[in-house]
Amino acid sequence: MTTTFPDVTISTDRLVLRPFEEEDVTALTEMMNDEYVTAWTTAAHPYTHADAHRWATRDSHAERTEGRGIVFAVTEFLTQRLVGIVHLQNTNWRTRATEAGYVTAPWARGEGYASESVLAVAQWLFRDQGFERLELRTAADNTASQQVAQKIGCISEGVLRNAWIVRTQTPDGDWTDTRTDLIVWSLLPEDLDDDGDGYEGYDSYDGYAGSTAFAQRADAHGRTVGADWN
């Protein structure tokens, strides 16, 4: 039984989802220090150049090669600039299920990139990889992330009470941890819209010869929980 995802690049009309490269480090550092990313993810804060370099050149790639999931750097097709991350994690190869986290860069919000990229990954996951379930978990107050889940056709399954920690900023500019509920969403192959609407007909190819990826703290210190501001 296959227990790793192939090394792939996925393309939509506007985006290219590929492995991280060393050239992404500067943009990744800026993106991960955005206040909304700090609030909704467990990424290190401040997120240093060294954190970004380790993620882009080693740790994101290890997510795939060690069987935990796969990380995509989301880039604009025309400009090639980094606009976000889609991270499949906590993959169960027996049940063919995995969980998606996502982040959108502050300079790319309002373009619908999160829903476009997550949906493209879902289509690849179900149609090419034979998976049967994609799960998203969104913090209770992260309405923008919940809108992404709804837009791509996810079904809300319930609430995990008091199950997550987010960060809130104090009046003096410091950050403090606050417990929150998580909303659980799922997407199954039959939930995909097959009437030609959305982002159907993505292109993908194997063997992308890039280098690397977000901070090995991907689980303990960099796990995204539907962290998007679309």
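Residues numbered from 1 in each chain as written. Predicted model: local features only at pLDDT ≥ 70, side-chain atom pairs only at ≥ 80, totals over all residues. Heavy atoms only, no water.

A. Molecular detail of empty space enclosed by the protein. Applying the stated criterion to the full structure yields one cavity of 30 Å³ or more. Contributing to the lining of the largest cavity are Val-74, Val-83, Gly-84, Ile-85, Val-86, Tyr-102, Val-103, Thr-104, Tyr-113, Ala-114 and Ser-117. Contributing elements (two or more residues each) for the lining of the largest cavity: strand E4 (82–92), strand E5 (97–104) and helix H4 (113–127). No other element matches E4, which puts four residues into the lining of the largest cavity. Counted by class, the lining of the largest cavity contains eight nonpolar, three polar and no charged residues. (1 Å grid on protein atoms, 1.4 Å probe; cavity = no way out; pocket = protein on both sides within 12 Å on 5 of 7 lines; lining within 4 Å. Points joined across faces, edges and corners; volume = space filled by probe spheres on them. Helix = DSSP H or I, 4+ residues; strand = E, 2+ residues; numbered from the N terminus. Nonpolar A, V, L, I, M, F, W, Y, C, P; charged D, E, K, R; others polar.)

B. Molecular detail of helix H5 (residues 143–151). Along H5, the residues that are buried comprise Ala-144, Ser-145, Gln-146, Val-148 and Ala-149. Check the buried side of H5 and you find it contacts E5, H4, strand E6 (133–139) and strand E8 (175–187). (Buried < 20%, exposed > 50% of the residue type's maximum accessible area, 1.4 Å probe, protein only. Contact = heavy atoms within 4.5 Å.)

C. Representation of the pattern of salt bridges. A complete count under the given rule lists 12 salt bridges for this structure. Taking the shortest distance from any N to any O, the salt bridge between Arg-18 and Asp-24 comes out at 2.8 Å. Assigned by exposure class, Arg-18 and Asp-24 land together as buried. Residues Glu-76 and Arg-81 are paired through a salt bridge, measuring 2.8 Å at the closest nitrogen-oxygen approach. Several salt bridges converge on common partners, so that one network encompasses Asp-51, Arg-54, Arg-58 and Asp-59. (Salt bridge = Lys/Arg side-chain N within 4 Å of Asp/Glu carboxyl O.)

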